[in-house]
Amino acid sequence: MVRTAKSLAYLVTSLVAGPAGFVWTLLTTVLTAVGAITALGAPVFVGVTWLDRCLADLERRRAAWVLGAPIPSPYLPISGPVHARVRQIAAQPATWRDMAWFLVLLPLGLTLGVAAVVSTVVTAAALTAPAWAWSVPQRRAHPLVQQAMGTPGGRLLIAVAAIALIPVASWLVRRLASVQVQVAQLLLAPGEHGRLIRRAEQLAATRARVVDAQAAELRRIERDLHDGAQARIVAAGMTLALAERRARTGAAVLDDLSTARRQLDEALADLRRLVRGIHPPILTDRGLAAALSALAADCPVPVTVTVTVPDRLTPAVESAAYFVVAEGLANAVKHASAQSCTVTVTRGQRLVVEVADDGSGGADPAGSGLDGLRRRIEALDGTLTVSSPPGGPTRLTAEVPCAS
C-alpha cells in the first residue's frame, strides 16, 4: 500500500508537472530564440538551461517515489567564459533530453494520471457506497441499478466488490507509474555519451591512484630492505669479520659466531615477512581458502572463516581478497580490541569479501591502511566499503569482478 500511495502521488503530481513543464519549455524556447539575435543570447541560454536542469533534477527526485532512489544526474562539468559554457552545454545530449521530457510529460502525465485518479476514485466510491449511494436519485435508473444503489443489501454488495477490486486498482496504479518512470529514466538518466566520459574520468583517476600506490609500495619495500634485512646482513658480515680476526689471534670466537648466526636468522625472518607482504607463498601454492585459514590461525582472537569459492581465481583477485582480510583482522586486533571476527568470501558475478568484528568501531575509511586497500580494489574495478560506527561493530566489504 505504501508503494501504491507513492505511485499515485507520482501520477497525481504529474497532472500539474506536465502542463507546467510544457508551458515552461515553450516560453524558454521562445526566450532563447529571441535572445539569440541579441548580445544577451549566450547569458540567456546559460541561465535558461540552468533553470531547466534544476527542474529536471526535481523530476529525477520525484521519480524516487517509484524507483526508491533518484535518477542519477547526467550532466558533465562545464567551465570557462560564457560562450565556452554555451558550447559545452549545447554539446551535452542531456540538455536536449531534458526538454524532450518536459514535452513528453504533458500527454503522458495527463493520460496516466487521469487513469490512475479515475481508478482510485471509482474504487474509493464503491468502497464507501453504503455511506452515500442512498442519496443518489434513481427514478430513471435501470432496475438493477435501483436494486444495487437503493437497497442496503445492494450497497453492501458494491462495497464488498470494491474490497475485492482494491488489489487490482493498486496494481494498475503501480503499473501506470512504472510506465511513466521508465520513460523518465530513458530521457533523464545518464546516456551512453555521459557514461563513457564519466567512465574515462574514473579510469584516469583510478590509474593515477594505482601508480601512486605502486610507487609507495616500492618505497616501502626499499625502506624495509634497507633498514631491516640489509642492515642485519651487514651486521652479520661485520661480526664474521671480527670473528675471523680473533681466530687469527687465537681468541675465542664462539660468541661472535653465535651473534652472527642470530643476525642472519633475523635477516631471513625479515625477508620472509617482506615476501609475505608482497605475495604470500601459501596463496600461490594452495589457494585463497587455505591462505585465509592460515591468517585466521595466526590471529590472536577467534576467527570464523567461510569461503564459498569452488575454483581458483586470477592471482590479482586472490591477492586483493587476501590483503583485505589481512588488513581487516589486523585492524580488529590492534585498534578495535575485538574479541572475535568473521570472514566470509562468496563468489557469483563478483567476488564478495566481508570481514566483520565485534570491536569498538570508529575505523577511519581514509586511513593509510584502508586507503591503500581501496586503491588495490579500485585497480581491479571493484569497490570497498567500510561500516564502523563508534561502539562497533566494524564491517569491511570488498566486491571485485571475477569471471563466472
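1. Digging into the side chain of Thr397
When you line up the elements, Thr397 lands in strand β5 (residues 394-401). For Thr397, a relative accessible area of 14% corresponds to the buried category. Once residues within four sequence positions are removed from consideration, Thr397 is found in contact with Val352, Val353, Glu354, Thr383, Leu384 and Thr385.

2. Focus: empty space enclosed by the protein
Here the structure, examined in full by the defined rule, presents one cavity of 30 Å³ or more. A volume near 70 Å³ is recorded for the largest cavity. If you go around the largest cavity, the residues you meet are Gly328, Asn331, Val355, Asp357, Ala363, Leu370, Val386, Thr394 and Leu396. Broken down by secondary-structure element, the contributors of at least two residues to the lining of the largest cavity are α12 (315-334), β3 (350-357) and β5. Of the residues contributing to the lining of the largest cavity, the split by class is five nonpolar, three polar and one charged.

3. Some remarks on the pairing of β3
Pairing between strand β2 (residues 341-347) and β3: seven bridges, direction antiparallel. Note on β3: the bridge partner recorded for Cys341 is Asp357. Hairpin connection of β2 to β3: two residues between the antiparallel strands. In this sheet, β5 lies alongside β3 in antiparallel orientation, the contact comprising eight bridges. By the bridge assignment, Val352 is partnered in β5 with Glu399.

4. Points about the state of the cysteines
Under the definition given, this model contains zero disulfides. Cys341 supplies the cysteine sulfur nearest to Cys299, a cysteine that is in no disulfide, at a spacing of 5.4 Å. The class for Cys299 is buried, based on a relative accessible area of 12%. Note on Cys341: relative accessible area 2%, which makes it buried.

5. Structural notes on the sheet that holds β5
As summarised here, the arrangement of the five strands in space is β1-β2-β3-β5-β4, forming an open sheet in which the pairing is mixed. In the strand order of this sheet, the two ends are held by β1 (303-308) and β4 (383-387), each with one partner. Across the sheet, the mean angle separating the axes of adjacent strands is 10° when strand polarity is ignored. Taken strand by strand, helix α11 (residues 288-298) contacts β1 and β2, and its axis lies near 175° from that of β1. Sheet strands touched by α12: β1, β2, β3 and β5. Its angle to β3, the strand with the most contacts, is close to 10°.

6. Thoughts on the packing of helix α1 (residues 2-35) against helix α4 (residues 93-127)
Contact pair α1 / α4: the axes reach a minimum separation of 7 Å and the direction vectors enclose 150°. Considering their axes alone, α1 and α4 lie roughly antiparallel with respect to each other. Note on packing geometry: the crossing formed by α1 with α4 is left-handed.

7. What about the nonpolar core?
Ranked by size, the top nonpolar core spans 35 residues in total, and within it Leu329 and Leu351 carry the most contacts. When contributions to this core are tallied by element, the ones reaching two or more residues are α11, α12, β2, β3, α13 (368-378) and β5. If you tally residues by element for this core, the top one is α12, at nine residues. Residues Tyr75, Leu105, Ala116 and Ala189 belong to the second largest nonpolar core, which totals 22 residues.

8. Things to note about the packing of aromatic side chains
Overall, the coordinates contain two aromatic pairs when judged by the stated rule. A centroid spacing of 6.5 Å and a plane angle of 40° characterise the contact between Phe45 and Trp96, whose relative ring orientation is tilted. With a gap of 51 residues between them, Phe45 in helix α2 (residues 41-67) and Trp96 in helix α4 connect regions that are remote in the sequence. You can call Phe45 buried: its relative accessible area is 12%. Both rings, one in Tyr322 and one in Phe323, keep their centres 5.3 Å apart while their planes meet at 90°; by these two values the pair is edge-to-face. Taking relative accessible area as the criterion, Tyr322 reaches 9% and is therefore assigned buried. Classification of Phe323 as buried rests on a relative accessible area of 12%.

9. Describing the environment of Pro70
Its place among the elements puts Pro70 in the loop between α2 and α3 (82-91). With a relative accessible area of 47%, Pro70 lands in the partly exposed category. Taking the C-alpha atoms as reference points, Pro70 and Asp57, separated by 13 residues in sequence, lie 8.8 Å from one another. Residue contacts for Pro70: discarding those within four places in its chain leaves Arg60, Arg61 and Ala64.

10. Points about α1
An ideal rise of 1.5 Å per residue puts 50 Å on 34 residues; α1 measures up with 46 Å between its terminal C-alpha atoms. Along its length, α1 shows its largest kink, about 35°, at Leu15, and proline Pro19 lies within four residues downstream of that point. Residues of α1 that are buried include every one of Thr4, Ser7, Tyr10, Leu11, Ser14, Ala17, Gly18, Gly21, Thr25, Thr28, Thr32 and Gly35, and no others.

What counts and what doesn't
Residues numbered from 1 in each chain as written. Predicted model: local features only at pLDDT ≥ 70, side-chain atom pairs only at ≥ 80, totals over all residues. Heavy atoms only, no water. Helix = DSSP H or I, 4+ residues; strand = E, 2+ residues; numbered from the N terminus. Buried < 20%, exposed > 50% of the residue type's maximum accessible area, 1.4 Å probe, protein only. Contact = heavy atoms within 4.5 Å. 1 Å grid on protein atoms, 1.4 Å probe; cavity = no way out; pocket = protein on both sides within 12 Å on 5 of 7 lines; lining within 4 Å. Points joined across faces, edges and corners; volume = space filled by probe spheres on them. Nonpolar A, V, L, I, M, F, W, Y, C, P; charged D, E, K, R; others polar. Pairing = 2+ DSSP bridges. Disulfide = S-S within 2.5 Å. Axes fitted to C-alpha atoms, helices over the stretch in contact; angles between N-to-C directions. Parallel < 35°, antiparallel > 145°, perpendicular 65-115°, else oblique. Left-handed = near helix turned anticlockwise from the far one by under 90°. Core = buried A, V, L, I, M, F, W, Y, C linked by side-chain atoms within 4.5 Å. Phe/Tyr/Trp six-rings, centres within 6.5 Å; stacked < 30°, edge-to-face > 60°. Expected span 1.5 Å × (residues − 1). Bend = angle between axes of the 7 residues up to and from the residue.

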